[in-house]
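Commentary on secondary and tertiary structure
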Amino acid sequence: MRPTAVRSDGMPGRRCSNPWWGDTSNLKQRGIITYTVSPFRQRGSKEIFQGWLFNGYRRLAAQVPYWIVPFAIAYGTYTWTKRYDHWQNSKAGHIALHGSH
C-alpha cells in the first residue's frame, strides 16, 4: 500500500516560478510611483455643505437643457392623452365620435 499524498492548501510551493495572487515579495518592480496626501492636509468634510450647495447647483444647472426638453415633451404628451381620454369617455365625446349616446 502507498501512503496517502499530503493535501496542500492550493498555494504554490518554493519550486513554483509564478507567485501567489498579490505576492510580490520576490519580484523586483521598477517605475511604480505612489503618491499620498498627509493626514494633516486631508479635510474630508471641510465646507462640505457650502461646496455642495454652490458646486451642486452649478452642475445641475448645466444639465437642465438636456433633461428639461424631454421632460416637457413627455409631460405635454401625458396631459394631452389624459384630457383626450377623458373627453372620449364623456357624453360629448360619444356624441361627437359616434353621432349618438
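Computed from a prediction, not measured in an experiment: that's the story for all the values here. (Residues numbered from 1 in each chain as written. Predicted model: local features only at pLDDT ≥ 70, side-chain atom pairs only at ≥ 80, totals over all residues. Heavy atoms only, no water.)

1. A short note on the overall build of the protein chain
Regarding its fold elements, the protein chain presents two helices and zero strands. Looking at the protein chain as a whole, 2% of its 101 residues are labelled buried. (Helix = DSSP H or I, 4+ residues; strand = E, 2+ residues; numbered from the N terminus. Buried < 20%, exposed > 50% of the residue type's maximum accessible area, 1.4 Å probe, protein only.)

2. Remarks on a nonpolar patch on the surface
Together, V64, W67, I68, V69, F71, I73, Y75 and Y78 give the surface a local cluster of nonpolar side chains, amounting to about 830 Å² of exposed area. Relative to the helices and strands, I73 is located in helix 1 (residues 48-88). Classification of I73 as exposed rests on a relative accessible area of 54%. (Patch = residues over 30% accessible without salt bridge, like charges linked within 9 Å, V, L, I, M, F, W, Y side chains within 5 Å. Areas by Shrake-Rupley, 256 points an atom, 1.4 Å probe, with all protein chains shown as cover. Salt bridge = Lys/Arg side-chain N within 4 Å of Asp/Glu carboxyl O.)

3. Things to note about the packing of aromatic side chains
Under the definition given, this model contains three aromatic pairs. Of the aromatic side chains, those joined through ring pairs into one cluster are W80, Y84 and W87. (Phe/Tyr/Trp six-rings, centres within 6.5 Å; stacked < 30°, edge-to-face > 60°.)

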